[in-house]
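The primary structure of each chain is shown beneath.
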Amino acid sequence: MQRYVYPVDLTEVEKELKFIAEKLKISKAEAIREAIKHYAEELRGLEIIELRDIPKEQAKKEILDYIKGKDRVRSDEIADAFRLDLSLVNEILMELWSEGYVEPED
């Protein structure tokens, strides 16, 4: 079995590491291993989306085309589909609502 050893400066987190090790009644090394496992598990399945930087009017046109003919679409679905910031999508949807193109969910 191959072992991997990483020299890491833990000066900034020594107090937290000691606290964790004492609370869990494990060694500091085990606390570090457990923290890495926990962090890896938390990240498993997360998708990283690179947002597009496009003019608001272009985004508005794309969103309007996307929602045509659909009974119901959520803003987060639109943001994911077009890789747009959710706040921009919400802002555009509010404009489309005021213009009569969409209706808010009851």
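Refer to the structure printed above.
Residues numbered from 1 in each chain as written. Predicted model: local features only at pLDDT ≥ 70, side-chain atom pairs only at ≥ 80, totals over all residues. Heavy atoms only, no water.

1. Considerations on the pattern of salt bridges
Considering all chains together, one arrives at 12 salt bridges under this definition. For the salt bridge of Lys28 with Glu14, the shortest nitrogen-to-oxygen distance reads 2.5 Å. With a gap of 14 residues between them, Lys28 in helix 2 (residues 28-43) and Glu14 in helix 1 (residues 14-24) connect regions that are remote in the sequence. The class for Glu14 is partly exposed, based on a relative accessible area of 32%. It is possible to trace a salt-bridge network through shared partners that takes in Lys56, Lys60, Glu91, Glu95 and Glu99. (Salt bridge = Lys/Arg side-chain N within 4 Å of Asp/Glu carboxyl O. Helix = DSSP H or I, 4+ residues; strand = E, 2+ residues; numbered from the N terminus. Buried < 20%, exposed > 50% of the residue type's maximum accessible area, 1.4 Å probe, protein only.)

2. Observations concerning the packing of aromatic side chains
Summed over all chains, the structure comprises one aromatic pair. Seen in terms of ring centroids, Tyr66 and Phe82 are 5.1 Å apart; in terms of plane orientation they differ by 85°. Their pairing is edge-to-face. In this pair, Tyr66 sits in helix 3 (residues 56-67) while Phe82 sits in helix 4 (residues 75-82), placing the two residues 16 residues apart along the sequence. Over the aromatic face of Tyr66 sits the side chain of Lys70, whose NZ or CZ is 4.6 Å from the ring centroid. (Phe/Tyr/Trp six-rings, centres within 6.5 Å; stacked < 30°, edge-to-face > 60°. Lys NZ or Arg CZ within 6 Å of the ring centre and 35° of its normal.)

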